[in-house]
Amino acid sequence: MTDPKIFVQSRSDSQRTWFVGGGLLLTSVVFTSTQTGLPTLFGGSVLTTVLFTAALLVFALGIRGSGSVTARRPLGSAALVLLAAWLLLGESLSVIVTSQAIDTVPDVVLGFGYVDPFVQFLLALIAVMQIGRIRIVPAPWNWSPAWVLAAVALSWLVIQLVGAVDGAQGNPLPTLYILSVDGIVRTASTVVLGVLAVVLGDRTRRADVDPAPKV
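Rules and cut-offs
Residues numbered from 1 in each chain as written. Predicted model: local features only at pLDDT ≥ 70, side-chain atom pairs only at ≥ 80, totals over all residues. Heavy atoms only, no water. Helix = DSSP H or I, 4+ residues; strand = E, 2+ residues; numbered from the N terminus. Buried < 20%, exposed > 50% of the residue type's maximum accessible area, 1.4 Å probe, protein only. Contact = heavy atoms within 4.5 Å. Areas by Shrake-Rupley, 256 points an atom, 1.4 Å probe, with all protein chains shown as cover. Core = buried A, V, L, I, M, F, W, Y, C linked by side-chain atoms within 4.5 Å. Expected span 1.5 Å × (residues − 1). 1 Å grid on protein atoms, 1.4 Å probe; cavity = no way out; pocket = protein on both sides within 12 Å on 5 of 7 lines; lining within 4 Å. Points joined across faces, edges and corners; volume = space filled by probe spheres on them. Nonpolar A, V, L, I, M, F, W, Y, C, P; charged D, E, K, R; others polar. Patch = residues over 30% accessible without salt bridge, like charges linked within 9 Å, V, L, I, M, F, W, Y side chains within 5 Å. Salt bridge = Lys/Arg side-chain N within 4 Å of Asp/Glu carboxyl O.

S.K.: So what's going on with the overall build of the protein? Residues and values would help.
M.R.: A count of helical and extended segments in the protein gives six helices and zero strands. Beginning at the N terminus, the succession of helices and strands in the protein can be written as α-α-α-α-α-α. Every one of the 215 residues in the protein was classed for burial, and the buried ones make up 37%. The long-range fraction of contacts in the protein, counting pairs at least 24 apart against all pairs at least 6 apart in sequence, stands at 69%. For the protein, the accessible area works out to roughly 12,300 Å², and carbon and sulfur atoms hold 71% of it.

Below is the structure:
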């Protein structure tokens, strides 16, 4: 028979997981906007990246084993953990690139820049599909990470298309405008996920606090 105290503790840890994860996402946006002025979903300043990746780890692993949005199943959890590690690696390499002349940067580091968006997308796609299918997050919000990923991916594709056209015409202004819109999309996506996590955590807390009406 399940110990009620263990069940209550598990629910409490789940609420805390979503509050902490959502709070980390929202804080990452605040630091991105105030420090760099260049909001991004996957990146920004070192502190922004650390906060964002910490949120991914919290959502993947939960607190004391509870609250994981992937139910700590290997595929989804590994995708989130690997995405967090990849983002930290990318931020570290970015610091190296910006501190050196471009002709002194190792080829492997430059090659990382080419594969980086595709690896990010693949890991994120695996994670959001697992979150949607496992349904730890209440429906229909279990698919909200997938909606966010679709919006960010579409924004990235538009940038590539516009950039290619601008490069051929020698006019960089449309690309600059699209980059601004892309920043807004990525910031809004992070805010949406952060707020949603906090709200769902609060909803779970209220369900535990408010007693069922007596008949």
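So that's the structure; there's more coming.
S.K.: Any chance you could break down the nonpolar core for me, citing the residues and the numbers?
M.R.: One finds W18, L56, F59, V69, L80, L83 and V137 to be the most contacted residues of the largest nonpolar core, which totals 31 residues. Those elements that provide at least two residues to this core are α1 (4-35), α2 (46-61), α3 (74-98), α4 (107-134), α5 (144-169) and α6 (173-209). Those residues in contact with L56 that lie beyond four places of it in its chain are L80, L83, A84 and L87.

S.K.: Describe α2, and please don't skip the residues or the numbers.
M.R.: Under the 1.5 Å per step criterion, the end-to-end length of α2 is 22 Å for 16 residues, consistent within 8% with the ideal 22 Å. When we look at burial in α2, the residues that qualify are T48, T49, L51, F52, T53, A55, L56, V58, F59 and A60. G62, located one to two residues past α2, shows a positive phi value of around 75°.

S.K.: Explain empty space enclosed by the protein to me, using residue names and the numbers behind them.
M.R.: For the coordinates displayed, the defined rule picks out two cavities of 30 Å³ or more. Put simply, the largest cavity is a space of about 390 Å³. Lining the largest cavity are 24 residues, with L56, F59, I131, P145 and L193 sitting closest to its centre. Counting residues per element, the ones that place at least two in the lining of the largest cavity are α1, α2, α3, α4, α5 and α6. Taken together, the residues of the lining of the largest cavity sort by class into 23 nonpolar, one polar and no charged.

S.K.: Describe a nonpolar patch on the surface, and please don't skip the residues or the numbers.
M.R.: Residues V46, L47, V50, L88 and V95 make up a contiguous nonpolar surface patch of about 360 Å² in total accessible area. Sort the elements by how many residues they give to the nonpolar patch and α2 lands first, with three residues. Within the secondary structure layout, L88 lies in helix α3. On the basis of relative accessible area, L88 is assigned to the partly exposed category, the value being 37%.

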